[in-house]
Amino acid sequence: MDSRHIELALRKQKLQLRAEAQRADITQRLAGIDGALDRLDSLRDQFAWAKDKIPVLSVALIVVLAAKPRLTLRLAKRAWVGWLLVRQVRGGRLSALLPTVVPLLRGLLALVRRRLESSEESGSAAPRRRRTG
């Protein structure tokens, strides 16, 4: 065989070995992304399901609004505060956001703790006392 052919064959073999190493490296690096992409696909499927069921979900929302007006107002207030927080974060003023978030998180944790304790004691949530005055 010609020395030029041998040199080309060796060069080809080195390139093939390097390409195989690069493929293995890429597969290893992309292994973590696969799970995230699966989660995104399932989230997209759930949004597609909700889009298909908009009339049913709208009727359910109207029933909850009519049956539980106080719950609706509380949820609307929380959504408004959440929207304001998101707007502040998008504006880049995270330091201004912290004094607002900490009390909200403490209140939320206290509420969850009270609900869990009351459901453990009686098996269901205790009735709330109404404020007078």
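If you're wondering where the values come from, they're calculated on a predicted model, not measured in any experiment. (Residues numbered from 1 in each chain as written. Predicted model: local features only at pLDDT ≥ 70, side-chain atom pairs only at ≥ 80, totals over all residues. Heavy atoms only, no water.)

1. Concerning the overall build of the protein
Part 1 of the argument: Across its full length, the protein carries four helices and zero strands.
Part 2 of the argument: Tracing the protein from N to C terminus, the helices and strands come up as α-α-α-α.
Part 3 of the argument: Counting over 133 residues, the protein shows a buried share of 3%.
Part 4 of the argument: With the model as given, the accessible surface of the protein reaches about 12700 Å², and the carbon-plus-sulfur share is 61%. (Helix = DSSP H or I, 4+ residues; strand = E, 2+ residues; numbered from the N terminus. Buried < 20%, exposed > 50% of the residue type's maximum accessible area, 1.4 Å probe, protein only. Areas by Shrake-Rupley, 256 points an atom, 1.4 Å probe, with all protein chains shown as cover.)

2. A short note on the side chain of T72
Part 1 of the argument: Counting through the fold element by element, T72 comes out in helix α3 (residues 69-90).
Part 2 of the argument: A distance of 2.8 Å separates the side chain of T72 from the backbone oxygen of K68, its partner in a polar contact.
Part 3 of the argument: Aside from chain neighbours lying at most four places away, what touches T72 is V64 and L65. (Polar contact = N/O pair within 3.5 Å; in protein donor to acceptor, adjacent residues only side chain to side chain. Contact = heavy atoms within 4.5 Å.)

3. Some details on the pattern of salt bridges
Part 1 of the argument: Tallying each qualifying case throughout the model produces three salt bridges.
Part 2 of the argument: With its nearest N and O atoms 3.1 Å apart, the salt bridge here joins D25 to R29. Of this pair, D25 and R29 both sit in helix α1 (residues 3-52), four residues apart, which is roughly one turn of that helix.
Part 3 of the argument: Exposure remark for D25: the relative accessible area of 31% places this residue in the partly exposed category. (Salt bridge = Lys/Arg side-chain N within 4 Å of Asp/Glu carboxyl O.)

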